[in-house]
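Understanding the architecture of this molecule
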Amino acid sequence: QDDYLDCYATPEQLGKIGTDIQDKKCGWLFAQAYHSLANREQIAIFDKLYGKCKVQTPEEQQIKDLYTALKLPEIYKKYEEDSYSKIMKLKDNLKQVPWAVMESFLKKIYKRQK
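The following paragraphs examine the structure supplied in this document. Everything numeric here is computed off the predicted structure, so don't read it as measured data.

A separate point is the nonpolar core. Core analysis: the biggest nonpolar cluster contains 20 residues, and Phe46, Tyr50, Ile63 and Tyr67 have the highest contact counts within it. Elements with a minimum of two residues in this core: helix 1 (2–8), helix 3 (28–37), helix 4 (40–49), helix 5 (58–69) and helix 6 (72–88). Discounting residues that sit within four places of it in the chain, Ile63 has contacts with Ile21, Ile45, Phe46, Leu49 and Tyr50.

Below you can see the structure in the form of structure tokens.
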């Protein structure tokens, strides 16, 4: 979630400017794109720009555009929904943590915006 928000949330939403691309963080977006989705030409763009560009530059935007072209926003949203569904299915069998605690935690993180 943090990786997604770092890339796609506005600085006003996030309370800061996202720096994962500049900092060359191997987060969820990058790992999915580079290791599973990108073709050779797209990998070459990552190799050229990822971790080598400054925040809010055309080069950083090129990485973000590549994420969008690879449909990472849609893939992330499906991943988030699927993960939430799997957790919700644990409700009747979860014994280690009271469900109220789990539910409170989920309300804080599921589909959060910042």
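From this point, the narrative continues.
The next thing to look at is the packing of helix 3 against helix 4. Across the interface, helix 3 lies against helix 4 with an axial gap of 9 Å and an inter-helix angle of 140°. Taken together, the axes of helix 3 and helix 4 lie oblique to each other. The two elements helix 3 and helix 4 meet at a crossing, and its hand is left-handed. Contact residues: helix 3 offers Phe30, Ala33, Tyr34 and Leu37, while helix 4 offers Gln42, Ile43, Phe46 and Asp47.

This part covers the side chain of Gln42. One can find Gln42 in helix 4. Look at Gln42 and you get buried, because its relative accessible area is 16%.

The rules behind these values
Residues numbered from 1 in each chain as written. Predicted model: local features only at pLDDT ≥ 70, side-chain atom pairs only at ≥ 80, totals over all residues. Heavy atoms only, no water. Core = buried A, V, L, I, M, F, W, Y, C linked by side-chain atoms within 4.5 Å. Buried < 20%, exposed > 50% of the residue type's maximum accessible area, 1.4 Å probe, protein only. Helix = DSSP H or I, 4+ residues; strand = E, 2+ residues; numbered from the N terminus. Contact = heavy atoms within 4.5 Å. Axes fitted to C-alpha atoms, helices over the stretch in contact; angles between N-to-C directions. Parallel < 35°, antiparallel > 145°, perpendicular 65-115°, else oblique. Left-handed = near helix turned anticlockwise from the far one by under 90°.

By themselves, these are just geometric observations and shouldn't be taken as functional.
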